[in-house]
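An overview of the molecular structure
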Amino acid sequence: MDRKELVFKVLLESDKPLRPGDIAEKAGLSKEEVDKAIKALKEEGKIESPKRCYYQAKK
């Protein structure tokens, strides 16, 4: 599983929006890797940011 899929999986399994640091901790990745994955997932339209610096999978 690549880092983008891993970040998306963490967001799908979460019942609330998460900060990049929280995602990194749950996924076992560095914050830089999470930031890159978030950027790619946002461009693909798979995740959204309900408030500044928090992310969740689109329903």
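As the structure is a prediction and not an experimental result, all values here were calculated from the model. (Residues numbered from 1 in each chain as written. Predicted model: local features only at pLDDT ≥ 70, side-chain atom pairs only at ≥ 80, totals over all residues. Heavy atoms only, no water.)

Focus on the pattern of salt bridges
Cut-off, in case you're wondering: Every case where a carboxyl oxygen of Asp or Glu lies within 4 Å of a side-chain nitrogen of Lys or Arg is listed as a salt bridge. A run of H or I in DSSP becomes a helix once it reaches four residues, and a run of E becomes a strand once it reaches two; helices and strands are each numbered from the N terminus. Burial here depends on accessible area, computed with a 1.4 Å probe over protein chains only, as a share of the maximum for the residue type. Under 20% is buried, over 50% is exposed, and the range in between is partly exposed.
Applying the stated rule across the entire model yields 5 salt bridges. Its salt-bridge partner being Glu 44, residue Lys 4 comes within 2.4 Å of it at the nearest N-O pair. One end of the pair, Lys 4, is in helix H1 (residues 3-13); the other, Glu 44, is in helix H3 (residues 31-44), with 40 residues separating them in the sequence. Put simply, Glu 13 and Lys 9 hold a salt bridge, and the shortest N to O gap is 3.0 Å. Of this pair, Glu 13 and Lys 9 both sit in helix H1, 4 residues apart, which is roughly one turn of the helix. Exposure remark for Glu 13: the relative accessible area of 58% places this residue in the exposed category.

Side note on the packing of H1 against helix H2 (residues 20-27)
Rule in force here: Between N-to-C directions, angles span 0 to 180 degrees; the directions come from axes that are lines fitted to C-alpha atoms, helices contributing only their stretch in contact. Put simply, angles under 35 degrees are roughly parallel, angles over 145 are roughly antiparallel, angles from 65 to 115 are roughly perpendicular, and the rest are oblique. The contact criterion used is simple: two residues touch if any of their non-hydrogen atoms lie within 4.5 Å. When residues are sorted by character, Ala, Val, Leu, Ile, Met, Phe, Trp, Tyr, Cys and Pro go into the nonpolar class, Asp, Glu, Lys and Arg into the charged class, and all the rest, Gly among them, into the polar class.
At a minimum axis separation of 10 Å, H1 and H2 run at an interaxial angle of 105°. Of the possible angle classes, the one that applies to H1 and H2 is roughly perpendicular. The segment H1 lies against H2, with Leu 6, Val 7, Val 10 and Leu 11 engaging Ile 23, Lys 26 and Ala 27. A class-by-class count of the residues in the contact of H1 with H2 yields 6 nonpolar, no polar and 1 charged.

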